[in-house]
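What the coordinates show
Chain by chain, the residues run as shown.
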Amino acid sequence: MVLTLMPKMIATADGIDPMLPRPYRVQRVRRETYDTFTLELEPLRDAVEFSFAPGQFNMLYRFGVGEVPISISGDPGQPKTLIHTVRAVGATTKAICKMKRGQILGVRGPFGSPWPMEESTGNDVMIVAGGIGLAPLRPAIYHLLAHRGQYGRIALLYGARTPKDLLYTRELEQWRGRFDLQVEVTVDSAKPEEWRGPVGVVTALIPRAAFDPLHTTALVVGPEIMMRFTVLELQKCDVRDDQIVLSMERNMKCAIGFCGHCQYGPTFICKDGPVFRYDCIKELFGKREI
Amino acid sequence: MEKLERLLAEHPFFKDLDPRYIQLIAGCASEVTFKAGEFVFREGDLATHFWLIRQGKVSLEIFAPGRGPIMLETLMDGDVMGWSWIVEPFKKQYDARALDLTRAIVFDAMCIRGKCEEEPKLGYELFKRFSQIIGERLQATRMRLLDLYGAHADA
């Protein structure tokens, strides 16, 4: 039996048709890397705040091109501005990344299950991110820092291809400067003149992090192969399966569990996930047929 | 010598190794310090030593003509550096350069090989431990070959 972390769908708390995109205006576009951009959006018609929980995603509709699921990467404590970090990999995401200030984007959401922030209070929290996977974890980091006293040690372990592929470099530097947050960043390869940090896989950072395996929640996002090896490394460090939480990715289309595109065994990633506790999906995880 | 034996016995790499063997190995070991930027070894060098990094950071690099040095991996506190001494032709494949001030314990490979010849069980123990490290680094290399974080067009 597959159990989801948060079975109930949180979307459309405002009662608006979940299939109807709401117009948002692009307020700002920030270039993070050569192919990844962060968009700040504000509602076009009304000034309603956009409440969401860390880990949730929106469907972004570039009119005339297509719609894609993108994790919310902003601060849940600042709901007036909606922030998404988008990597230009396909036709729709490339079109979104080319948007300029003032252009209109359709937004549906928020959808999906959140990170277990409440359930993790009192625990150490280890955040393991690979590549663009840091984007869906950033709201969780904001939440942890805003409620710092409720958590034990916090470690952010982040891996990317090269130093040029690192997201949110200014924030990473700020976070590294804190005394109450361990930040370790590694890259797959680098030139000595551009990088003085570790080179290697992100899983190699796990044994170096300070945490109590019995009282740790591990939040993991990245390519599925990376997450598989991360789970193995966490298990080696005696972190239990029910303490490991993953954000899964599949081809989400409707985002409300109707279309079946993102079916994952007996669950739908869009409404039962994307955030799952590992013990709830471990029978499915890594299965080739799914 | 006593201090070195204690340091070795406390290190995870030598965990549960017979104290007699620790004593033997310590006889082939000494402490060493590298300044930031200093090369520990160069590609093509004979693999006459291996190191246990106590503190600091060392980058393994390869020099590509037209591109300059490329960092392949970094080794840090607690890591073992160098396994070419155990595998023929006993030559270093990469450059190793200290990125920070690095303190290490250095082992004379000829000396260790001699002890292993005298004490085959010690040789087997070391071989098992180095195999673990070689396996871990091979796995890490394979993971990076997958280019996990690369863009894969989907939307």
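None of these values were measured; they are calculated from a predicted model.

Now for the pattern of salt bridges. Evaluated as defined, the whole model comprises 24 salt bridges over all chains. Between E61(B) and R97(B) there is a salt bridge; the shortest N-O distance is 2.7 Å. With E61(B) in strand β4 (residues 57-64) and R97(B) in strand β7 (residues 95-98), this pair connects stretches of sequence that are 36 residues apart. The partner of E125(B) in a salt bridge is K128(B), with the nearest N and O atoms 3.5 Å apart. Linking E125(B) with K128(B), this pair stays in helix α4 (residues 120-145), spanning three residues, or about one helical turn. Through salt bridges with shared partners, one network takes in R148(A), R178(A) and D180(A).

Residue and element names in this part refer to chain A. Ordered by their spatial adjacency, six strands build an open sheet running β4-β3-β6-β1-β2-β5, and the pairing between neighbours is antiparallel. Whereas interior strands pair on both sides, the edge strands pair on one side only; in this sheet they are β4 (66-71) and β5 (82-87). Sheet twist, expressed as the mean angle between neighbouring strand axes with direction ignored, is 40°.

Residue and element names in this part refer to chain A. In terms of burial, strand β8 (residues 154-160) is a largely internal element, seven of the seven residues being buried. Where burial is concerned, the two faces of β8 agree: the one with I154, L156, Y158 and A160 and the one with A155, L157 and G159 are both buried. Bridge count for strand β7 (residues 124-130) against β8 is six bridges, and the pairing is parallel. Along β8, the bridge assignment pairs M126 with A155. Between the parallel pair β7 and β8, the chain is carried across by helix α2 (residues 134-146), and the sense of this crossover is right-handed. Relative to strand β9 (residues 182-187), β8 runs parallel, the two being bridged by six bridges.

Moving on to the interface of chain B and chain A. If you look at the interface, chain B gives 29 residues, while chain A gives 33 residues. For the pairing of chain B and chain A, the buried interface totals around 2,600 Å² over both sides, and the portion due to carbon and sulfur atoms is 58%. Summed over the shared surface of chain B and chain A, the number is three salt bridges. Residue D147(B) is joined to R161(A) by a salt bridge in which the shortest nitrogen-to-oxygen separation is 2.7 Å. For the interface between chain B and chain A, the tally reads 11 residue pairs in polar contact (both at pLDDT 80 or more). Ranked by residue count, the leading element in the side of chain B that touches chain A is strand β5 (residues 68-76) of chain B, at seven residues. Along the lines of polarity and charge, the residues of the side of chain B that touches chain A split into 14 nonpolar, four polar and 11 charged.

Turning our eyes to something else, we now look at helix α3 (residues 109-118) of chain B. All names here are of chain B. For α3, the complete set of buried residues consists of A109, I112 and C116. Buried residues in α3, looked at end-on, bunch into an arc of 65°, giving them a common side. In α3, those exposed residues whose orientation departs by more than 90 degrees from the buried face are M110, E117 and E118. Looking at the buried side of α3, the elements it contacts are α2 (19-26), β3 (49-55), β8 (102-108) and α4. Measuring from the backbone nitrogen of M110 back to the side-chain oxygen at the start of α3 gives 3.0 Å, which picks out D108 as the cap.

This brings us to the domain arrangement of chain A. Residues and elements named next belong to chain A. The domains assigned to chain A are domain 1 (22-110) and domain 2 (124-281). Each of domain 1 and domain 2 has a C-alpha centre, and these two points are 21 Å apart. Roughly 1,800 Å² is buried in total at the junction of domain 1 and domain 2, and carbon and sulfur atoms are behind 58% of that figure. Taken together, domain 1 and domain 2 are joined by seven residue pairs in polar contact (both at pLDDT 80 or more). Within the residue set of the side of domain 1 that touches domain 2, elements represented by two or more residues are β2 (36-43), β3 (57-62), β4 and β5. Looking at side-chain class alone, the side of domain 1 that touches domain 2 contains nine nonpolar, eight polar and six charged residues.

Attention now goes to the UniProt feature "binding site: [2Fe-2S] cluster" (unreviewed entry) in chain A. Residues and elements named next belong to chain A. Here the UniProt feature "binding site: [2Fe-2S] cluster" (unreviewed entry) sits at C254, C259, C262 and C270. A maximum C-alpha distance of 10.2 Å is found for the annotated residues, which run over 17 residues; spatially they form one tight group. Structurally, the position occupied by C262 is in the loop between β11 (244-247) and β12 (263-264). Structurally, C270 can be placed in helix α5 (residues 269-272). With relative accessibility at 1%, the residue C270 sits in the buried group.

What counts, and at which threshold
Residues numbered from 1 in each chain as written. Chains lettered and ligands numbered in written order. Predicted model: local features only at pLDDT ≥ 70, side-chain atom pairs only at ≥ 80, totals over all residues. Heavy atoms only, no water. Salt bridge = Lys/Arg side-chain N within 4 Å of Asp/Glu carboxyl O. Helix = DSSP H or I, 4+ residues; strand = E, 2+ residues; numbered from the N terminus. Pairing = 2+ DSSP bridges. Axes fitted to C-alpha atoms, helices over the stretch in contact; angles between N-to-C directions. Buried < 20%, exposed > 50% of the residue type's maximum accessible area, 1.4 Å probe, protein only. Right-handed = clockwise from strand over helix to strand, strands pointing away. Contact = heavy atoms within 4.5 Å. Buried area = accessible area lost by both parts, 1.4 Å probe. Polar contact = N/O pair within 3.5 Å; in protein donor to acceptor, adjacent residues only side chain to side chain. Nonpolar A, V, L, I, M, F, W, Y, C, P; charged D, E, K, R; others polar. Arc of directions from axis to C-beta. Domains from an automatic or database assignment. UniProt positions renumbered as here; feature names shortened; annotations may be inferred.

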